[in-house]
Amino acid sequence: MQLQENVSLQPFNTFGLATKARFFVEVEDEVTFLKSLDAAKPPILLLGGGSNMLLKNDWPGLVIKNAIRGIEVVEETDDTVLIKIGGGENWHQLVLWSLEQNFGGLENLSLIPGTVGAAPIQNIGAYGVELKDVFEKLEAVNLEDRSIQTFDKETCRFGYRDSIFKQELKGKVFISRVWLRLSKQNHSLHMDYGAIRDVLAADQIENPTIQDISRAVIQIRSSKLPDPAKLGNSGSFFKNPEISKAAFEVFIESFPDAPFYKMGEDLFKIPAGWLIEKAGWKGKKIGNTGSHKDQALVLVNYGGATGEEIWQLALAIQDSVEKQFGITISPEVNVIG
Ligand code: EPU
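Criteria and thresholds
- Residues numbered from 1 in each chain as written.
- Predicted model: local features only at pLDDT ≥ 70, side-chain atom pairs only at ≥ 80, totals over all residues.
- Heavy atoms only, no water.
- Pairing = 2+ DSSP bridges.
- Helix = DSSP H or I, 4+ residues; strand = E, 2+ residues; numbered from the N terminus.
- Buried < 20%, exposed > 50% of the residue type's maximum accessible area, 1.4 Å probe, protein only.
- Near = heavy atom within 4 Å.
- Polar contact = N/O pair within 3.5 Å; in protein donor to acceptor, adjacent residues only side chain to side chain.
- Areas by Shrake-Rupley, 256 points an atom, 1.4 Å probe, with all protein chains shown as cover.
- Nonpolar A, V, L, I, M, F, W, Y, C, P; charged D, E, K, R; others polar.
- Domains from an automatic or database assignment.
- Axes fitted to C-alpha atoms, helices over the stretch in contact; angles between N-to-C directions.

Draft legend 1. Representation of the sheet that holds strand E15 (residues 261-264) within the structure. On the basis of which strands lie adjacent, the open sheet formed by three strands has the order E14-E16-E15 and antiparallel pairing. If you trace the sheet from one side to the other, it starts and ends with strand E14 (242-243) and E15, each paired once. Two strands pair when backbone bridges link them, and E14 and strand E16 (residues 267-269) are joined in this way by two bridges, in the antiparallel orientation. Note on E16: the bridge partner recorded for Glu 242 is Lys 269.

Right under this line is the structure:
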């Protein structure tokens, strides 16, 4: 295992930011990870697919990229399979593999960028399904005492785009392997979110399979979310804000056409994309940065932008949404540095 020096992180973050790591190493198993800690030059940054982070500056220490591979079925019943996946596997490749085996559960999560090891950190979600719905457990190496710890669904403390790994354990554990439980038959299909049913109906599919749902999700995502390989971005930059019933009543009286989701008796979620569009940012370009023309929630790097420039745009958007609606939107991506 050898540390590389002064490595450009441009290929390793989907914003395509040309920041540099003072030291860099890719690790393919837990033993190499522990060795890299011995050679570590702090501070340490743990990297998955780099699809949910904004690197504001060069990284002065060691960047450790998770390259642990492997997808295997470890347990099987008549109805379900338990699969064990290396944290460095690409998420969408895993989804495609599961669909080839006709294993259900991941189809709505098709085409999400990033790695399997990063998926639990923000409890990835799309079209009515979240990682937690199929999650069984994970193993992670604790950077401080170097022990391998197991986390089940409860100890991960999953929330909306949230987990213990984004809170108390942020940057403190390296997620090495993840176990997911998928269905082998009688798949439960989730088609009620967004345009899934419309896309299936347009294709005249009456009894959709999990593969049909995946294709519909891919079609919807590709129509409004820019491909990071072509246009640097990190998916939704902000979370959809959740507000109390009292705040919601004031808001909806002023903006009766706003979309919203009732999450509980006293909890309402407002789409940040709508707020940002209404505040006039959709499709707006500032220098080499901007809010995407088809989905205002996605901030993009048109080429050559710095992390700091994207951050300044984010702050300006946050500020104007706050002023216009009295609602605070906060970043969903990991802002680093
Ligand atoms: N909207 C606008 N203008 C926009 C964008 C959206 O008015 O520019 C409105 C839409 O018309 C719709 C509502 O906002 O009424 C919701 O939009 P959409 O269905 O596109 O979803 P979203 O809430 O913006 C969330 C996730 C996405 C996920 C989709 C589908 C968050 C922060 N984002 O977006 O996740 O793919 O739902 O489930 O929860 C990600 O996390 O990176 C991500 C892309």
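There's more to say after this.
Draft legend 2. Looking closely at unusual backbone geometry. The step from Pro 42 to Pro 43 runs through a cis peptide bond, and the omega angle for that step is -5 degrees. For Pro 43, the location among the structural elements is in the loop between helix H1 (30-38) and strand E3 (44-47). Unlike most non-glycine residues, Tyr 127 shows phi in positive territory, near 50 degrees. Along the chain, Tyr 127 turns up in the loop between strand E8 (125-126) and strand E9 (129-130). At Arg 161, a residue that is not glycine, the phi angle is positive and equals roughly 50 degrees. Here Arg 161 is to be found in the loop between strand E11 (148-152) and strand E12 (173-183). Residue class for Arg 161 comes out buried when judged on its relative accessible area of 15%.

Draft legend 3. Looking closely at the site of the ligand. Around the ligand sit 23 residues in total, of which Tyr 127, Tyr 160, Glu 277, Ala 296 and Glu 332 are the nearest. Residue Asn 240 places a side-chain N or O atom 2.9 Å away from an oxygen atom belonging to the ligand. With the chains in place, 82% of the 830 Å² that the ligand exposes on its own is no longer accessible. Secondary-structure elements contributing two or more residues to the shell around the ligand are helix H4 (210-224), strand E13 (232-236) and helix H6 (272-278). Top contributing element to the shell around the ligand by residue count: H6, with three residues. Its residues assigned to classes, the shell around the ligand comprises 11 nonpolar, five polar and seven charged. Two domains each donate at least three residues to the shell around the ligand, and these are domain 2 (71-183) and domain 3 (232-336).

Draft legend 4. Structural context of the sheet that holds strand E7 (residues 80-86). Pairing is antiparallel across the open sheet formed by five strands, whose spatial order is E6-E7-E12-E10-E11. Edge strands, defined here as strands with exactly one partner in the open sheet, are strand E6 (71-76) and E11. Sheet twist, expressed as the average angle between the axes of neighbouring strands with direction ignored, equals 25 degrees. In this sheet, E12 lies alongside strand E10 (residues 135-142) in antiparallel orientation, the contact comprising seven bridges. What sits directly across from Val 141, in E12, is Phe 174.

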